[in-house]
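Chain residues, written in single-letter form:
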Amino acid sequence: MDIEVGIESFRGKLRLYLPSKVLGVKKYIYTRLPDSDEGWRQARQQAVIIENDIAIGKLDITLERYKPRDGGTYLSTVIEIGKSISLSELWEGYVKYRTPQVSETTLKLNYRRIASHIEKCPYKGLEGAVAIRDYLLNTTSPYTAKRVLTQLNACCNWALDSNLIDRNPFIGMAGKIDAPTAPEQDIDPFSKEERDAIIQAFEEHPKYKHYANFVKFLFMTGCRTSEAVGLRWKHISKDCLRIVFSEAIVNVSSRGIQKDTKTHQARRFPCNPQLQAFLLSIRPKDYKKEELVFKSLTGDVINSHTFSAMCWKGTTIKGKHYEGIVSKLVKEGKVERYRPQYNTRHTFITMAIEAGVTPTQVGKWVGNSAEMIMTHYCGVLDRVQVPVM
């Protein structure tokens, strides 16, 4: 078959095209080569490769072997002429483009959630952008809708730069939604009495007493759960007077993924005598520096989701209810109301403020800015008694 692969300039870049008699429909391959003498030379070389494969009957009909391999932006499927590219196809290409630039947790948590919203949405093409916006607003919270539209806007900006679409219909949509940039957290700390009751209940539980030290540490440091889960003895000084929070383990699909801290910066936490004595008391005599400080019942990485569901709050599995420790304490009147495990962090921060520690110093300890501490936690100052002067 004597076939010539065509080359043409499209929005300043070169693309190859196969006549419809090759695969039954005219198809394009976007090279991303510039419309220049050198670009045309390289494009012609690639066209010759395809023509030779056609001539000897070894054409890769998926066209995968003829696509750019430099790690740049391209879709996994060739766009057919006259066919409207779907939002899911664009998102797939965008994720491939972003993969070398973002963390594994971003890919498997954030990007996967966006893909799920796209899949559920009944409107699949860019021409339905307004309908997609309205669908998100009617089926999710304003915050989620804003977040998804922000990502779709970024995706379409990439597609526009890659000459895959000629306009971005999502520009400005997210900015017009009245919603916070992040969901407001319920800053609802436990009282000292509630804290002590929770620790005691873990210590006395026949099965979950294994996690008592983990819970104590969360209350004593105010660190993020992922930081406590990822803490190793190498992060604690030999005299247990200093902790360096530099790693975290985040659970994704029942698997722990090791990463740096949320702020991407290591921070030092000074241990008071109480915390120092606690760490010395739980450190094994023959500990190894790479060994995790806190482990699951089976000696593995603690799955924070499982811990929260089974131990802290309780859950129902196959019709059988497993009561959590904190939920039980609420029923017994020892804890006023249920609060999630992350409120151990809120408890530490508010107690430190009540003790007179400045927001700047507290922020350094827990990895937050002083402004964030002032904005979200200083309502607790209303409970601090004005000193006699």
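Residues numbered from 1 in each chain as written. Predicted model: local features only at pLDDT ≥ 70, side-chain atom pairs only at ≥ 80, totals over all residues. Heavy atoms only, no water.

**Topic: the packing of aromatic side chains**
Keep this limit in mind: When the centres of two rings from Phe, Tyr and Trp lie within 6.5 Å, Trp using its six-membered ring, the rings pair. Their planes under 30 degrees apart give stacked, over 60 give edge-to-face, and anything left gives tilted. When the NZ atom of lysine or the CZ atom of arginine is within 6 Å of a ring's centre and also within 35 degrees of its normal, the charge is said to sit over that ring.
Inspection of the entire model under this criterion finds 24 aromatic pairs. Directly above the aromatic system of F10 lies the positively charged group of R15, at a separation of 3.9 Å from the ring centroid.

**Comments concerning the pattern of salt bridges**
Put simply, the rule is: Each salt bridge in this description consists of a side-chain nitrogen of Lys or Arg and a carboxyl oxygen of Asp or Glu lying within 4 Å of one another. By definition, any uninterrupted DSSP run of H or I lasting at least four residues is a helix, any uninterrupted run of E lasting at least two residues is a strand, and each is numbered from the N terminus.
Summed over the entire model, instances satisfying the criterion amount to 20 salt bridges. Here R11 makes a salt bridge to D166, at a shortest N to O gap of 3.8 Å. Taken together, the residues span a long stretch of sequence, with R11 in the loop between strand 1 (6-10) and strand 2 (13-18) and D166 in the loop between helix 6 (142-161) and helix 7 (192-204) at a distance of 155 residues. Ionic contacts of the salt-bridge type, sharing partners, join the residues D188, E194, E336, R337 and R339 into one network.

**Quick look at the nonpolar core**
Counted only if it meets this: In this description, a nonpolar core means a group of buried Ala, Val, Leu, Ile, Met, Phe, Trp, Tyr and Cys residues linked to one another through side-chain atoms lying within 4.5 Å. A simple rule labels every residue: compare its accessible area, found with a 1.4 Å probe on the protein chains alone, to the largest value its type can have, and call it buried under 20%, exposed over 50%, or partly exposed in between. In this analysis, two residues are considered to be in contact whenever any of their non-hydrogen atoms come within 4.5 Å of each other.
I198, F202, F217 and I243 are the most contacted members of the largest nonpolar core, which has 49 residues in total. The element contributing the most residues to this core is helix 8 (residues 212-221), with seven residues. The contacts of I243, once residues within four sequence positions are left out, are F217, L231, H235, I236, R267, R268, F269, C271, L275 and L279. Core analysis: the next-biggest nonpolar cluster, separate from the first, contains 33 residues, Y94, A129, A145 and A179 among them.

**Section: the packing of helix 8 against helix 10 (residues 273-282)**
In a packed pair of helices, the relevant descriptors are the angle between the two axes and the axis-to-axis distance. Put simply, the test is: Under this scheme, a helix contributes an axis fitted over its contacting stretch, all axes are lines through C-alpha atoms, and angles between N-to-C directions fall in the 0 to 180 degree range. An angle below 35 degrees is treated as roughly parallel, one above 145 as roughly antiparallel, one from 65 to 115 as roughly perpendicular, and anything else as oblique. For a crossing to be left-handed, the near helix must be turned anticlockwise from the far one by less than a right angle; the clockwise case is right-handed. Lys, Arg, Asp and Glu make up the charged group, whereas Ala, Val, Leu, Ile, Met, Phe, Trp, Tyr, Cys and Pro make up the nonpolar group; the residues left over, Gly among them, are polar.
Running from N to C, helix 8 and helix 10 cross one another at 155 degrees; their axes reach a closest spacing of 11 Å. Relative to helix 10, helix 8 is oriented roughly antiparallel. Considering only the axes of helix 8 and helix 10, their crossing is left-handed. Contacts from N213, K216, F217, M220 and T221 in helix 8 reach Q274, L275, F278, L279 and I282 in helix 10. Looking at the contact of helix 8 with helix 10, its residues break down into six nonpolar, three polar and one charged.

**Quick word on the sheet that holds strand 3 (residues 27-34)**
Cut-off, in case you're wondering: Any two strands between which DSSP finds at least two bridges are classified as paired.
Spatial ordering of the open sheet is given by 1-2-3, a layout of three strands whose pairing is antiparallel. The sheet is open, and its two borders are formed by strand 1 and strand 3, each paired with just one other strand. Here the average twist between neighbouring strands, direction ignored, is 30 degrees. Note: strand 1 against strand 2, five bridges, orientation antiparallel. If you follow I7 over to strand 2, its bridge partner there is L16. Helix 2 (residues 37-55) rests against strand 1, strand 2 and strand 3 of the sheet, and its axis sits at about 20 degrees to strand 2.

Shape descriptors only; they carry no functional weight alone.
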